[in-house]
Amino acid sequence: MIDQVSSPGALPRRQLLRLAAMTAAGAGLYPLLAACGRGSSESSAAASGPGKPGGTLTVGIPSTPDTLDPGATGLALTLLISMAMFDPLVWWLPTSGGGSEFVPGLAESWTVSPDASVYTFKLRKDVTFHDGTKFDATAVKATYDHVVDPATKSKSGLGALGPYKQTTIIDPYTVEISFTEPNAAFMHQQAAGNFGIASPTALAKYGATGFGNNPVGSGPFKFESYATGDRLNLVKNPDYTWAPSALGSGPAMLDKLVFRIVADDAGRYNALQAGQLQIGMNLLPSNIDASQKSGKFTQLTVPSIGTPLGLPINVTKPPTDDPLVRQAIIYAVDQDKLVKDVLFGVYKAAHNVLTPITPGFSQQASTLYAYDPDKANALLDQAGWVKGADGVRTKNGQNLDLNIILFAGGGLELPTQFVVSQLKKVGFTATTTVQPFATAQGSYNAGQHNLGSFGYYGADPYLLNIWVNSDAIASGFNWSHYNNPEIDQEIGKANTTADDAARAAVYEQVGTTLMRDSIYLPLWDVNGAFTMPHTVKGLHTTLNGYITFHSATVA
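Considerations on the overall build of the chain
Looking only at helices and strands, the chain has 18 helices and 25 strands in total. Scaling as 2.2 N^0.38, a compact globule of 555 residues should have a C-alpha radius of gyration of about 24 Å, and the chain matches this with 23 Å. If you line up the chain on its principal axes, its C-alpha atoms span 80 × 55 × 40 Å. The buried share among the 555 residues of the chain stands at 61%. Carbon and sulfur atoms make up 52% of the accessible area of the chain, which amounts to about 19700 Å² in all.

A look at the side chain of Ser218
You can see Ser218 is positioned in the loop between helix H7 (200-210) and strand S8 (221-227). Assessed through its relative accessible area of 0%, Ser218 is described here as buried. Contacts of Ser218, omitting those with residues within four sequence positions, involve Met85, Phe86, Asp87, Leu106, Val127, Thr128, Phe129, His130, Ile197, Asn237, Tyr240 and Trp242.

Quick word on the sheet that holds strand S15 (residues 393-395)
Taken in spatial order, the three strands of this open sheet run S14-S15-S16, and their pairing is antiparallel. A strand with exactly one partner marks an edge of an open sheet, and here the two such strands are strand S14 (386-387) and strand S16 (398-399). When S15 meets S16, the two strands line up antiparallel, connected through two bridges. From the neighbouring strand, Thr394 faces S16, where its bridge partner is Asn399.

Focus: the packing of helix H4 (residues 137-148) against H7
Axis separation between H4 and H7 bottoms out at 9 Å; the angle between their running directions is 25°. When the interaxial angle is binned, H4 and H7 end up roughly parallel. Of H7, the residues touching H4 (which contributes Ala139, Ala142, Thr143 and His146) are Pro200, Leu203 and Ala208. Split by residue class, the contact of H4 with H7 holds five nonpolar, two polar and no charged.

Side note on the packing of helix H10 (residues 323-332) against helix H13 (residues 373-382)
Relative orientation and spacing of two packed helices are given, respectively, by the angle between their axes and the distance between those axes. Close contact between H10 and H13 brings their axes to 8 Å; oriented N to C, the two are set at 165°. One element, H10, and the other, H13, form an angle in the roughly antiparallel class. The way H10 lies across H13 gives a crossing that is left-handed. Each of Leu324, Val325, Gln327, Ala328, Tyr331 and Ala332 in H10 lies in contact with H13, whose residues at this interface are Pro373, Lys375, Ala376, Leu379, Leu380 and Gln382.

Section: the confidence of the model for the chain
Averaged over every residue, the pLDDT of the chain is 90; the share at 70 or more is 91%. This stretch, residues 1-47, has a pLDDT under 50; its non-local contacts, to residues over four places away or in other chains, come to 155 contacts.

Examining the environment of Asn213
Relative to the helices and strands, Asn213 is located in the loop between H7 and S8. For the pair formed by Asn213 and Ser225, sequence separation is 12 residues and the distance between their alpha carbons is 9.2 Å.

Some details on the pattern of salt bridges
Going through the model one piece at a time under the given rule, you end up with 10 salt bridges. One salt bridge in this structure joins Asp255 and Lys236, with 3.7 Å as the shortest N-O distance. With Asp255 in the loop between strand S9 (231-236) and strand S10 (256-261) and Lys236 in strand S9, this pair connects stretches of sequence that are 19 residues apart. Its relative accessible area of 40% is what places Asp255 among the partly exposed residues.

Observations regarding the pairing of strand S17 (residues 401-407)
Residues in a regular strand point their side chains to alternate faces of the sheet. A large share of S17 lies buried, amounting to five of its seven residues. Of the pairings in the sheet, the one linking S17 to strand S18 (residues 429-435) comprises seven bridges and is parallel in character. Among the inter-strand pairings, Leu406 is bridged to a residue of S18, identified as Val434. With helix H14 (residues 413-424) bridging S17 and its parallel neighbour S18, the resulting β-α-β unit is right-handed.

Reading guide: rules and limits
Numbers given for residues are sequential positions, taken from 1 along each chain in its written order. The predicted origin of the model limits local features to residues at a pLDDT of at least 70 and limits the giving and counting of side-chain atom pairs to 80 or more, whereas totals for whole chains, interfaces and linings rest on all residues. Side-chain numbers here rest on the full set of heavy atoms in the structure, without hydrogens or water. Helix and strand definitions follow DSSP, with helices as H or I runs of at least four residues and strands as E runs of at least two, each counted in order from the N terminus. Put simply, the radius of gyration uses C-alpha atoms, and a globule should come to 2.2 Å times the residue count raised to 0.38. Buried, partly exposed and exposed residues are distinguished by accessible area as a fraction of the type maximum, computed with a 1.4 Å probe on protein chains only: under 20%, between the cut-offs, and over 50%, respectively. Each accessible area value is a Shrake-Rupley result obtained with a 1.4 Å probe; residue values ignore everything except the protein chains displayed when judging cover. Note on contacts: a residue pair qualifies if any of its non-hydrogen atoms lie within 4.5 Å across the two residues. For two strands to be treated as a pair, DSSP must find no fewer than two bridges joining them. For helices, the fitted line uses only the C-alpha atoms of the stretch in contact; every axis is such a line through C-alpha atoms, and the angle between N-to-C directions lies from 0 to 180 degrees. Comment on the angle field: the value is read as roughly parallel under 35 degrees, roughly antiparallel over 145, roughly perpendicular from 65 to 115, and oblique elsewhere. Classification convention: Asp, Glu, Lys, Arg as charged; Ala, Val, Leu, Ile, Met, Phe, Trp, Tyr, Cys, Pro as nonpolar; all other residues, Gly among them, as polar. Helix crossings get a hand from a simple test, with the near helix turned counterclockwise from the far one by less than a right angle marking a left-handed crossing and a clockwise turn marking a right-handed one. One confidence number per residue, pLDDT, is output by the predictor and ranges from 0 to 100. Should a side-chain nitrogen of Lys or Arg be within 4 Å of a carboxyl oxygen of Asp or Glu, the pair is scored as a salt bridge. The path from the first strand over the helix to the second decides the hand: if it runs clockwise while the strands point away from the viewer, the crossover is right-handed.

The following block contains the structure:
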């Protein structure tokens, strides 16, 4: 008989808010997760038909994972990898009709309390971890206890849990996860990768930090070896029979799955052309364009829930403390031309604080700022900025100058040059500097910028809490320095609303308000981009910009 036991008590809500803000440094922020819409192949590559079993598939990834522990990681890249080794309780997958659905994973069924504060999962009884440990409720509790353990130093998972209270074992194959208040985001969050269920034996053996170098899950591939900065080798789990039917049945088709770290973008493309890689992840737009024109490669571009790549606008630093100036900035930039001329048409122009597949996306918000330089000029005239003979606007002897700070490796340097050229046409001047991420983060929190850089992969529209909540100003990721307690309350209200339609309606209104308050210049939608020869088949897409390898094959 197993006692009903629970994890340590809930963290204070204010602390959880700040921890949620911290997730942007990893699971979401574009340069760190190294994933950047849709390309020539919008659907799952599995549609191309199955290939032959066996062989090795090598994926070229653009950066080094911070850890192989999904509960501790701060990088979306790690979650792409961990989804090959770990299973969630419930999968959240796209459907053929363009929608999405929850399907059983390690839980065969589940119930949610009417107020979305208690989630009860009935577990499978036929699952075994890679180390031979039997899966049961103990493993679920051990996994969630691991995420909230301060020693784990979880970067994304802890924040994604929101108002977490405890995990309780009801019986060997029934577990209850509860929260101190309604948490409607949890079903989406638990499927996003951070909460892949780990072997409790391995967690106890390797400890809170050692598990990241010795990952043990129940997924289609098992950890074999890892050479830091070079490559990660995974091998087929021959006992795997519990995949959802949407991802395939039985063990993986591949014998081996290799993630090779090739940080140099050109080097990754060259390795793909040479056949050293079978998949190149997030190549430069110019390389993606060239690969498409060659006819030798297939492009799989996977839209993601999240915030588009763009420039947060500091609402407290002159001249962008004036909403008329902020509105003029957004009207002055032609995102469609940016995507066409600078990004080779690879991505989709963005006009919103959320990507189109994110629940709560507001089509109305996307229509608020059509490209209109005449409107931008009129707004600047109204704000008192006078255009001189040289085309530069001044007011009280000061130029209409913007301080733009980007972080290195974010992929925004060239697009920002385009933005600056468009702003110049309506009278702005600008100074752009590129800083290491940690330095830039400090600059943003200190409010030294007028425009910064941002982009976020997520699993739920609650991600807005990460970068617009007032508590995230100065020490989090509210780099717009936007202080609106009403929006804070509305986001909190949405997360306590169990009804999906009602919840989405709240987020739609929030998104519309954020665009009207002109706190963000969206540029293009975040997504994962995977380039491969036609011989790679059987991939499936997720809603987080990832692909899964359960049924993958390579000739």
